[in-house]
Amino acid sequence: MKNYYKVPVNQPSLLGNEKKYLLQCLNEGFVSSVGPLVKKFELKFAKKVDRKFAVSVSNGTAALQLAYESLNLKKNDEVILPSFTIISCILPVIRGGAKPVLIDSDIKTWNIDVGKIEKKITKKTRLIIVPHIYGLPADMAPIMKLAKKYNLKVLEDAAEALGLTYKRKMCGSFGDVSTFSFYANKHITTGEGGMIVTNDKKIAERCRSLRNICFNNERRFLHYDLGWNYRFTNLQSALGLAQLEQLSKFIRKKRKLGRVYNKNLSKIKFFDIPLSNIKYAKNVYWVYGLLLRRNSPVKLKDFMKKLKKSGVETRNFFWPLHQQPALKKMGFFKNIKLPISEYLARNGLYLPSGLSLTSYQQKFVIKQVKKIFLK
Ligand SMILES: Cc1ncc(COP(=O)(O)O)c(C=O)c1O
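Residues numbered from 1 in each chain as written. Predicted model: local features only at pLDDT ≥ 70, side-chain atom pairs only at ≥ 80, totals over all residues. Heavy atoms only, no water.

For the rest of this paragraph, the subject is the sheet that holds strand E3 (residues 99-103). Two pairing modes exist for strands in a sheet, parallel and antiparallel, and in both the strands are linked by backbone hydrogen bonds. In spatial order, the strands read E1-E9-E8-E5-E4-E2-E3; together these seven strands make up an open sheet with mixed pairing. One side of each edge strand has no neighbouring strand; the edge strands of this open sheet are strand E1 (53-57) and E3. Going from strand to strand, the sheet's axes swing by 20° on average, the running direction of each strand aside. Sheet topology places strand E5 (residues 153-157) next to strand E8 (residues 177-181); three bridges connect them, and they run parallel. Residue Asp157 lies in a different strand from E8, and its bridge partner there is Thr179. (Pairing = 2+ DSSP bridges. Helix = DSSP H or I, 4+ residues; strand = E, 2+ residues; numbered from the N terminus. Axes fitted to C-alpha atoms, helices over the stretch in contact; angles between N-to-C directions.)

Here it is as structure tokens:
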């Protein structure tokens, strides 16, 4: 694969049965969403994350859209979610006409600050959307407790958290409905792809229908509802099945990359490194993030520029939702300050940590980082 970076920020590992299963699809002629592997992948995936039902879709953003729609929120209902996440989490809320209520994040785990949720719950609150960010899970126990107390639904976005556990329970097994992404930088990839999981048959059926433009069984091309075409293909399922077989190995590799970075970078006192363990989880380092401290002699932009010059690709952290121009111009989030989210956005970056990263490449990245800070 041609790559302009010596060390790209992410490259997937496709060395298992991917080719074999793809060839099988080609030989059998099943390339669209019609094909035996789609169901097979869904069943295996549901089992892996301890859910009854899994509905595959074309990407993680689509998964969030359909999961959200399956919960039947109304206009003006309120939805709680963190500001520090990808825009995909808020899109269905805005498009559905509900009111997003943003919460700041925890400075240590970069996840929603659970201590700040309860005072934002009102009579109109219906849903909490909880993404797990960058390798550590959100603190689910108090969130589920609040949901029970106030009769709220939980949509868990486990896009970055396949194979990660919270108190030994699989991420993705908590929400009334939960979602995953299989983009090329995720723990398993199908190129593009996503999954919705739930234990509620009605939610699963609703998502299946929405995924397939709400065709109905009695008379094709007669539609009682508005859906989408977010179907997932047999080809993608072939990749997914081969990738899923390797999930434990991938998780081990991610953790090893994280450990090596932590060991080598912990002595540099100008940034915070990710926590390896917290009381309810062990970091899976979906990405390896660094957070520049205020005493850093190098600004984030210059740090990234210097690494780029030496051939190391990096990425900024998310930009907080309350400062997204697309949402601001619609009139959302006037005069809202969420200092931790803003700090994370302005001072965080992540280093190469893809599943194909070699130890030689990782050593090279570490050397370049040290060169910048330890002159
Ligand atoms: C937390 C989270 N949710 C949703 C998504 C969207 O997934 P996709 O890129 O497959 O649409 C991402 C993508 O990185 C993500 O990190």
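A separate point is the pattern of salt bridges. Within the structure shown, the criterion is met by nine salt bridges. We note a salt bridge from Glu118 to Lys149, for which the minimum N-O separation is 2.8 Å. Separated by 31 residues along the polypeptide, Glu118 in the loop between E3 and strand E4 (125-131) and Lys149 in helix H5 (residues 140-150) bring together distant segments of the chain. Residue class for Glu118 comes out partly exposed when judged on its relative accessible area of 33%. Among the ionic pairs, Asp272 bridges to Arg293, the shortest N-O distance being 2.8 Å. One end of the pair, Asp272, is in strand E10 (residues 271-272); the other, Arg293, is in the loop between strand E13 (288-292) and helix H9 (300-309), and 21 residues separate them in sequence. Beyond isolated ion pairs, a larger network of salt bridges with shared partners links Lys39, Glu42, Arg208 and Arg211. (Salt bridge = Lys/Arg side-chain N within 4 Å of Asp/Glu carboxyl O. Buried < 20%, exposed > 50% of the residue type's maximum accessible area, 1.4 Å probe, protein only.)

Attention now goes to the layout of surface pockets. For the largest pocket, the calculated volume is near 500 Å³. What lines the largest pocket is a set of 31 residues, and nearest its centre among them are Ile86, Tyr183, Asn185, Lys186 and Trp286. Elements supplying a minimum of two residues to the lining of the largest pocket: helix H3 (60-69) and strand E15 (348-351). The greatest single-element share of the lining of the largest pocket, amounting to three residues, is contributed by H3. Classifying every residue of the lining of the largest pocket by side-chain character gives 15 nonpolar, ten polar and six charged. Taken as a whole, the second largest pocket encloses approximately 350 Å³ of empty space. Forming the boundary of the second largest pocket are 13 residues, of which Ser209, Cys214, Phe215, Asn216 and Asn217 lie nearest the centre. (1 Å grid on protein atoms, 1.4 Å probe; cavity = no way out; pocket = protein on both sides within 12 Å on 5 of 7 lines; lining within 4 Å. Points joined across faces, edges and corners; volume = space filled by probe spheres on them. Nonpolar A, V, L, I, M, F, W, Y, C, P; charged D, E, K, R; others polar.)

Counted by the stated rule, this structure contains 26 aromatic pairs. Judged by centre distance (5.2 Å) and plane angle (85°), the ring pair of Phe271 and Phe373 falls under edge-to-face. Of this pair, Phe271 sits in strand E10 while Phe373 sits in helix H12 (residues 359-373); the two residues are 102 residues apart in sequence, bridging distant segments of the chain. The residues Phe271 and Phe373 share a single accessibility class, namely buried. Ring pairs connect the aromatic residues Phe84, Trp110, Tyr134, Trp286, Phe317, Phe318 and Tyr350, which therefore count as one cluster. (Phe/Tyr/Trp six-rings, centres within 6.5 Å; stacked < 30°, edge-to-face > 60°.)

By nearness alone, 13 residues border the ligand, and Gly60, Thr61, Asp157, Glu160 and Lys186 come closest of all. In isolation the ligand offers 390 Å² of accessible surface; the protein chains occlude 90% of this area. At three residues, the largest contribution of residues to the shell around the ligand is made by H3. (Near = heavy atom within 4 Å. Areas by Shrake-Rupley, 256 points an atom, 1.4 Å probe, with all protein chains shown as cover.)

Looking now at a nonpolar patch on the surface. Together, Leu23, Leu26 and Val31 give the surface a local cluster of nonpolar side chains, amounting to about 270 Å² of exposed area. With respect to the helices, strands and loops of the structure, Leu26 is situated in helix H1 (residues 18-28). (Patch = residues over 30% accessible without salt bridge, like charges linked within 9 Å, V, L, I, M, F, W, Y side chains within 5 Å.)

Moving on: the packing of H9 against H12. Running from N to C, H9 and H12 cross one another at 135°; their axes reach a closest spacing of 10 Å. One element, H9, and the other, H12, form an angle in the oblique class. Classified by chirality, the crossing of H12 by H9 is right-handed. Residues Phe303, Lys306 and Leu307 of H9 lie in contact with H12, whose contacting residues are Gln368, Val369, Ile372 and Phe373. Across the contact of H9 with H12, the residue classes tally to five nonpolar, one polar and one charged. (Parallel < 35°, antiparallel > 145°, perpendicular 65-115°, else oblique. Left-handed = near helix turned anticlockwise from the far one by under 90°. Contact = heavy atoms within 4.5 Å.)

Strand order in the open sheet formed by four strands is E10-E13-E15-E14, and the pairing between neighbours is antiparallel. Only two strands of the sheet have a single partner each, and these edge strands are E10 and strand E14 (315-316). Strands E13, E14 and E15 of the sheet are contacted by H9, whose axis makes an angle of about 20° with E15.

Our next topic: empty space enclosed by the protein. Taken as a whole, this structure holds two cavities of 30 Å³ or more when the rule is applied. In this structure, the largest cavity spans a volume of roughly 70 Å³. Lining the largest cavity, in full, are Lys108, Thr109, Trp110, Ile133, Tyr134, Gly135, Leu136, Pro274, Leu275, Asn283, Val287 and Gly289. Its residues placed into classes, the lining of the largest cavity shows seven nonpolar, four polar and one charged. A breakdown of the residues in the lining of the second largest cavity according to their chemical character gives two nonpolar, five polar and no charged.

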